[in-house]
Amino acid sequence: MSISKLHETARAFAEQGIPVFPCVEDGKAPATAKGFKDASTDLAQIDAWWNDNPNYNLALCPEDAGWSIIDIDGESGEQSWRQRAVTPDTYEVQTPRGGRHLYFAGTLPSTVSKLFPSVDTRGQGGYVLIPPSVVNGKPYEVLHDRPIAGAPTWIAAKLHETKQSIAAAIEDLNLPGNIERAERLVNSCVSRGDVAVSGRGGNDRTY
């Protein structure tokens, strides 16, 4: 029986021991209740997913494969990357929006613009769509089918520096003067009856 290229590729990854899962046709949203947490290497499960819709897109959590992915988002990301980064040649994918995914061996956290502006990382606790997925009618395509290189150590060091800076900023929020101001604000809201009400945006108001 003939199967779609997406279904065929999903089976190929699973046979290599790399869990995959489906995303909605022509989009990025997971097609399963738990998203990447539902990723599987069970061929029967994969057949069930893609028999349900042969055009489901294909995704994986890079951490499950022992990889990390640098997501360079469009021309602004390319400018950030060219100005600051030196990395070895590795497996590359072009994204539907004209960006690039650079694949590296080793795990990194998933971050947004913490490495450089418009340059994200996809790894722990995240997922990416992979070829031949299609979003808004445009495909993910392999640009350079090279062996996956090891992640340069400077990437992890850079993310660690950023994390330390964020932690320091959060600690500043706990200074006594800031706590006093927050207490005055809360007391003022309560005195006016401006409080969180369940079912009426209570979660947002509490935040």
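Residues numbered from 1 in each chain as written. Predicted model: local features only at pLDDT ≥ 70, side-chain atom pairs only at ≥ 80, totals over all residues. Heavy atoms only, no water.

Peer 1: Before we go on, may I ask you to explain the overall build of the chain in this structure?
Peer 2: When its secondary structure is counted, the chain shows seven helices and 12 strands. The buried share of the chain, taken over its 207 residues, is 37%. Restricting the contact set of the chain to residue pairs at least 6 apart, pairs at least 24 apart contribute 72%. Carbon together with sulfur atoms contributes 50% to the accessible area of the chain, which is approximately 11900 Å² in total. (Helix = DSSP H or I, 4+ residues; strand = E, 2+ residues; numbered from the N terminus. Buried < 20%, exposed > 50% of the residue type's maximum accessible area, 1.4 Å probe, protein only. Contact = heavy atoms within 4.5 Å. Areas by Shrake-Rupley, 256 points an atom, 1.4 Å probe, with all protein chains shown as cover.)

Peer 1: Just checking my understanding: could you explain the packing of aromatic side chains for this structure?
Peer 2: Ring pairs (aromatic) are described by centroid distance and by the angle formed between their planes. What the rule picks out here adds up to seven aromatic pairs. Plain terms: the ring middles of tryptophan 49 and tryptophan 50 are 6.3 Å apart, the flat faces sit at 75 degrees to each other, and that makes the pair edge-to-face. On the basis of relative accessibility, which here comes to 13%, the residue tryptophan 49 falls in the buried class. Judged by its relative accessible area of 1%, tryptophan 50 falls in the buried class. Taken together, the aromatic side chains of Trp67, Tyr91 and Tyr103 make up a single cluster linked through ring pairs. (Phe/Tyr/Trp six-rings, centres within 6.5 Å; stacked < 30°, edge-to-face > 60°.)

Peer 1: How do you make sense of the pairing of strand β6 (residues 111-116) when you look at a structure like this?
Peer 2: Where a strand is regular, its side chains alternate between the two sheet faces. Pairing of β6 with strand β7 (residues 119-122), which is carried by two bridges, proceeds in the antiparallel orientation. Directly across from threonine 111, in β7, lies its bridge partner threonine 121. Hairpin geometry of β6 and β7 is characterised by an intervening segment of two residues between the two adjacent antiparallel strands and by a positive phi of about 65 degrees at serine 118. (Pairing = 2+ DSSP bridges.)

Peer 1: I keep staring at the sheet that holds strand β1 (residues 21-23) and nothing clicks. Help me out?
Peer 2: Each strand in a sheet pairs with another by means of backbone hydrogen bonds, the pair being arranged parallel or else antiparallel. Pairing in this open sheet of three strands is antiparallel, and the strands run β1-β2-β8 from one edge to the other. Bordering the open sheet on either side are β1 and β8 (128-129), each of which pairs with just one other strand. Where β1 and strand β2 (residues 57-60) come together, three bridges link them in antiparallel fashion. Across the sheet, residue cysteine 23 finds its bridge partner in β2, namely asparagine 57.

Peer 1: For this particular structure, what's the right way to read helix α2 (residues 43-52)?
Peer 2: Every α-helix carries 3.6 residues per turn, so stepping three or four residues along brings you back to the same face. Here α2 has its buried residues at Ile46, Trp49 and Trp50. Taken around the axis of α2, the buried residues stretch over an arc of 85 degrees, which confines them to a single face. Within α2, the exposed residues directed more than 90 degrees away from the buried face are Ala44 and Asp52. (Arc of directions from axis to C-beta.)

Peer 1: Quick question: what am I supposed to make of the pattern of salt bridges here?
Peer 2: Side chains that carry opposite charge are capable of pairing whenever their charged atoms lie near each other. Per the counting criterion, the structure on display carries 10 salt bridges. Between arginine 11 and aspartate 47 there is a salt bridge, with its nearest N and O atoms 2.8 Å apart. Placement of the pair is arginine 11 in helix α1 (residues 5-15) and aspartate 47 in helix α2, with a sequence separation of 36 residues. A salt bridge links arginine 82 to glutamate 75; the nearest nitrogen and oxygen atoms lie 2.9 Å apart. Note on glutamate 75: relative accessible area 48%, which makes it partly exposed. Ionic contacts of the salt-bridge type, sharing partners, join the residues Glu78, Glu92, Arg100 and Arg146 into one network. (Salt bridge = Lys/Arg side-chain N within 4 Å of Asp/Glu carboxyl O.)

Peer 1: Looking at this model, I keep getting lost on the confidence of the model for the chain. Mind explaining?
Peer 2: As a note on interpretation, predicted positions should not be read in detail where pLDDT is low. Summary statistics for the chain give a mean pLDDT of 85 and a share of 77% for residues scoring 70 or more. The model gives residues 163-173 a pLDDT under 50, and that stretch makes four contacts with residues more than four places away or in other chains. Predicted confidence is poor over residues 198-207, with pLDDT under 50, and the contacts of this stretch with residues over four places away or in other chains come to seven contacts. (pLDDT = per-residue confidence, 0-100.)

Peer 1: Looking at this model, I keep getting lost on the nonpolar core. Mind explaining?
Peer 2: Most often, soluble globular proteins keep nonpolar side chains buried together rather than apart. Counting residues in each nonpolar core, the largest one holds 26 residues, and the members touching the most others are Trp50 and Leu60. Listing elements by their share of this core, those giving two or more residues are α1, β1, α2, β2, β3 (67-72) and β8. Ranked by the residues each element gives to this core, the list is headed by α1, at four residues. Look past the residues within four positions of tryptophan 50 in its chain and what remains in contact with it is Ser4, Leu6, His7, Ala10, Phe21, Pro22, Tyr56, Asn57 and Leu58. Core analysis: the second largest hydrophobic core is formed by 13 residues, Leu102, Phe116, Val119 and Leu159 among them. (Core = buried A, V, L, I, M, F, W, Y, C linked by side-chain atoms within 4.5 Å.)

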